Amino acid sequence: MQEDFIYTDERFADIQLLRYKVAGFDKLPLRQRTLIYYLSQAALEGRDILWDQNGRYNLRIRKMLELVFTHYQGNRESDNFKKFSVYLKRVWFSNGIHHHYSTDKLPATFSPDFLEEALQNIGNNVVEAETGATIEQLKAEIFPVLFNPQIMPKRVNQAEGADLIATSAANYYGSDVTQAEAEAFYAHQKSLASDPSRPVMYGMNSRLVKENGQLKERLWRSGELYGPAIDRIIFWLDKAKTVAENPKQAEVIDCLIQFYRSGDLRTFDKYTILWVNDTESFVDFTNGFTETYGDPLGLKASWEGFANFKDIVATARTETLAANAQWFEDNSPVDPLFKKQTTRGITAKVIIAAMLGGDLYPSSAIGINLPNSNWVRAEHGSKSVTIGNLTDAYNKAAHGNGFLDEFVIDADTLELINTYGDACDDLHTDLHECLGHGSGRMAEGVDPDALKAYGSCIEEARADLFALYYIADPKLVALGLTPDAKAYKSQYYTYLMNGLLTQLVRIEPGCNIEEAHMRNRALIAHWVLHHASSLAIPPVQLTTIQGKTFLKINDYEALRKLFAQLLSEVQRIKSEGDYEAAAQLVETYGINVNQELHNEILQRYKALNLAPYKGFINPEYIVEYDEKGNISDVQIKYGETFEHQMLRYSQQYATLPLIND
Ligand code: ZN
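The following paragraphs examine the structure supplied in this document.

Calculation notes
Residues numbered from 1 in each chain as written. Predicted model: local features only at pLDDT ≥ 70, side-chain atom pairs only at ≥ 80, totals over all residues. Heavy atoms only, no water. Pairing = 2+ DSSP bridges. Helix = DSSP H or I, 4+ residues; strand = E, 2+ residues; numbered from the N terminus. Donors = N, O, S within 2.8 Å, 3.2 Å for Na, K, Ca; no water. Buried < 20%, exposed > 50% of the residue type's maximum accessible area, 1.4 Å probe, protein only. Core = buried A, V, L, I, M, F, W, Y, C linked by side-chain atoms within 4.5 Å. Contact = heavy atoms within 4.5 Å. Disulfide = S-S within 2.5 Å. Phe/Tyr/Trp six-rings, centres within 6.5 Å; stacked < 30°, edge-to-face > 60°. Lys NZ or Arg CZ within 6 Å of the ring centre and 35° of its normal. Axes fitted to C-alpha atoms, helices over the stretch in contact; angles between N-to-C directions. 1 Å grid on protein atoms, 1.4 Å probe; cavity = no way out; pocket = protein on both sides within 12 Å on 5 of 7 lines; lining within 4 Å. Points joined across faces, edges and corners; volume = space filled by probe spheres on them. Nonpolar A, V, L, I, M, F, W, Y, C, P; charged D, E, K, R; others polar. Salt bridge = Lys/Arg side-chain N within 4 Å of Asp/Glu carboxyl O.

Below, the discussion takes up the pairing of strand S4 (residues 214–219). When strand S3 (residues 206–211) meets S4, the two strands line up antiparallel, connected through six bridges. The residue of S4 that forms the bridge with Ser-206 is Leu-219. In this structure, the hairpin formed by S3 and S4 is closed by a connection of two residues, where Asn-212 is found at a positive phi of approximately 50 degrees.

Taken together, the protein ligands of the zinc ion are His-432 (NE2), His-437 (NE2) and Glu-460 (OE), with distances of 2.1 to 2.2 Å. Of note, the zinc ion draws all its donor residues from one chain, in the sequence arrangement H-x4-H-x22-E. Taken as a pair, His-437 in the loop between helix H18 (411–436) and helix H19 (455–471) and Glu-460 in helix H19 lie far apart in primary sequence, 23 residues in all. Classification of His-437 as partly exposed rests on a relative accessible area of 26%.

Let's shift gears to the nonpolar core. Residues Val-22, Phe-289, Phe-309 and Tyr-621 are the most contacted members of the largest nonpolar core, which totals 127 residues. The biggest single contributor to this core is helix H1 (residues 30–44), with eight residues. Once you skip the residues sitting within four places of it in the chain, Tyr-621 turns out to touch Val-22, Phe-25, Ile-36, Tyr-37, Ser-40, Ala-354, Met-355, Val-634, Gln-635 and Ile-636. The next biggest cluster of nonpolar side chains, apart from the first, holds 77 residues, and it includes Leu-451, Phe-563, Ala-583 and Ile-601.

On to the state of the cysteines, then. For the structure on display, the rule yields zero disulfides. Free cysteine: Cys-434, not disulfide-bonded; nearest cysteine sulfur from Cys-424 at 15 Å.

We now examine the packing of aromatic side chains. Following the criterion strictly, the structure yields 43 aromatic pairs and no others. Aromatic pair Phe-84 and Phe-110: ring centres 5.3 Å apart, planes at 80 degrees, arrangement edge-to-face. With Phe-84 in helix H4 (residues 79–94) and Phe-110 in the loop between H4 and helix H5 (112–122), this residue pair connects regions lying 26 residues apart in the sequence. Assessed through its relative accessible area of 2%, Phe-110 is described here as buried. Taking 5.7 Å as the distance between ring centres and 55 degrees as the angle between the ring planes, the aromatic pair formed by Tyr-454 and Tyr-579 counts as tilted. Pair noted here: Tyr-454 is in the loop between H18 and H19 and Tyr-579 is in helix H24 (residues 579–590), with a separation of 125 residues, a long-range link. Linked through ring pairs, Phe-12, Phe-69, Tyr-72, Phe-81, Phe-84, Tyr-87, Trp-92, Phe-110, Phe-114, Phe-143, Phe-147 and Phe-642 together constitute an aromatic cluster. The lysine or arginine in question, Lys-383, covers the ring of Trp-275, its NZ or CZ lying 4.0 Å from the ring centre. Geometry around Tyr-579 places Lys-452 over its ring, the cationic atom sitting 4.9 Å from the centre.

A few words now on the sheet that holds strand S5 (residues 283–291). Strand order in the open sheet formed by five strands is S5-S6-S7-S9-S8, and the pairing between neighbours is mixed. At either end of the open sheet lies a strand with only one pairing partner, and these are S5 and strand S8 (367–370). Here the strands of the sheet are splayed against their neighbours by 35 degrees on average, with no regard to which way each runs. Pairing analysis gives eight bridges linking S5 to strand S6 (residues 302–310), with the strands arranged antiparallel. Residue pairing across strands places Glu-291 opposite Ser-302, the latter belonging to S6. Across the sheet, helix H16 (residues 388–400) touches strand S7 (350–358) and strand S9 (383–387), and the angle it forms with S7 is around 85 degrees.

What follows covers unusual backbone geometry. Residues Tyr-361 and Pro-362 are joined by a peptide bond in cis, for which omega reads -5 degrees. Residue position: Pro-362 is located in the loop between S7 and S8. With phi around 65 degrees, Tyr-226 is a residue other than glycine that occupies positive phi space. One can find Tyr-226 in the loop between S4 and helix H10 (227–242). Of note, the phi angle at Lys-452 is positive, near 45 degrees, even though the residue is not glycine.

In this structure, the second largest pocket spans a volume of roughly 710 Å³. Forming the walls of the second largest pocket are 30 residues, and the residues nearest its centre are His-100, Glu-291, Tyr-293, Asp-359 and Ser-363. Ranked by residue count, the leading element in the lining of the second largest pocket is S8, at four residues.

Turning to empty space enclosed by the protein, a few remarks are in order. Here the structure, examined in full by the defined rule, presents five cavities of 30 Å³ or more. By volume, the largest cavity amounts to about 180 Å³. In this structure, the largest cavity is lined by 15 residues; those nearest its centre are Phe-268, Thr-272, Thr-290, Leu-370 and Pro-371. Those elements that place two or more of their residues in the lining of the largest cavity are helix H12 (265–277) and S5. Across the lining of the largest cavity, the residue classes tally to eight nonpolar, seven polar and no charged. Empty space within the second largest cavity amounts to approximately 50 Å³. What lines the second largest cavity is simply Ala-325, Phe-328, Glu-329, Thr-343, Arg-344, Gly-345, Cys-434, Leu-435, Gly-438, Ser-439 and Phe-466. Elements represented by at least two residues in the lining of the second largest cavity include exactly helix H14 (325–330) and H18.

Attention shifts here to the pattern of salt bridges. Applying the stated criterion to the full structure yields 37 salt bridges. When the shortest N-O distance is used, the salt bridge between Glu-45 and Arg-232 registers 3.3 Å. Taken together, the residues span a long stretch of sequence, with Glu-45 in the loop between H1 and helix H2 (47–53) and Arg-232 in helix H10 at a distance of 187 residues. Exposure remark for Arg-232: the relative accessible area of 33% places this residue in the partly exposed category. A salt bridge links Asp-52 to Arg-207; its shortest N-O distance comes to 3.1 Å. Of this pair, Asp-52 sits in helix H2 while Arg-207 sits in strand S3, and the two are 155 residues apart along the sequence. Judged by relative accessible area, which is 4%, Arg-207 ranks as buried. Taken together, the shared-partner salt bridges connect Asp-238, Lys-241, Asp-254 and Arg-261 into one network.

Pasting the structure below:
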């Protein structure tokens, strides 16, 4: 049974939920599907750890809210119940009562009376059995946390002045531990290090508490704090080890298990080194205490889980480009003086997410660059990957949200973009990363930093222009990278539309363009627009229809010639280190914003009422067993709603006590 992929556009408050497609999963051999299944379970079992890290009362609050949500007998259409439901969804999304991004406490806009009455109707016995507290105790302990804005107002307070630990609701330090004490404690630990050039990640996997007046770390490990959840993670990792792809991967998993058992940070370093060196395995994962944004002191790492595998199609694409790198170099429109004699493309690593957990769920990064230990990175390197199917889900969502309908000039162009846009976006990125940055050479004796502050903008422009020039080349059709000879037009339209118009939505009113990538896009788009205007029939122009500004492309082939001309000039500037020319290009075309146009774009964008934050609903893996109890099949299933997934996770992965002191 292969269930069709279903998109979702579920929205509440400032959130939009998406699904991601685990493309190719059903084609994988059973052993790899089984490995992914085990790692996906390991990625979900730590959910409660993150909730408790995010705030001392989060698990009890979640239990209480879910109890009311599932048992409520009153009018589910009432104002209070609707507000209550949105609040619960926001808490689910944030893994606690503070906003996932701003870390401000989420406002509970339903009334305390409504909540109390709902609990009374459920009955004190049920409430106490489920939440471990009577209704009176909940009213005394939990209601103020929900309803009083003065209590736990922020999860992570970074504002200097106050004690950052006391003013942050995150549960990484005992309530009687001060910032000064914590800082002194870890400064002392560091001073005792046996090898100061290779420091462990001090404090990363513990809560710092006071016992009988003495500071003490309570480790997050089997048998100690969060032990029951960690034992569940170990259970699945043990199984994953039995179906590992190779001995090296089995060793990685085994070392992680050792770390979860001992809590020893030297073992953690050993594990990250093994992990970063395992580049051959098809299936990969992260699992454990990883990022430190949730701790105001930046020491304590929040728990996350992630199972993924290599995107074979995307990797084949970048391998094709890399294999033909010399052809692209030889045929580019730049001066032969500035071309490389021998060139090598880079194969980009694209992966497919199979399961997001902990701090990567529901809101997720779309790229990963780990490990975080500086000395491990310096001595052993890091893994840097983009998560292709999450980017894809964002792209798909952008098609249905009205954005393109508002800013694209006509139905034909819109259809072009809807047909080819996503494939050409990926290809543009590949050309930019795999070939563009690596192309060209410096003239002899030129300082590579000669362009100074304009250097990064010019470098991005060079890579983008290389991509823009080649995305229209018949060679790409011949290599099977673009479906046909007109696909590139979608990229030409969206690239210029972005550079001239829509990227302005990311600029505050009255401000100019600062960021190098944005400057580069403005530079290319405005240079092309300006040089088009002197031609008899301008290949591109801006036009006004019913008071709204649109990009109009009249001649795509002539436009390609302009890109070629600018590529040649930008390569010359880079190769010769021509600072004056770089400054002139960037200052003329890359920075300034037309205020009137900016206001128009901002207004049109605001009217679309798009959700500023997005997150993901996970797929489900359905497992079948044979008579001997071995896994005989693993299938993927989409279509679960956010609400169902949250309630299911709260049942299936409830691994911790509701209060973990
Ligand atoms: Zn770049």
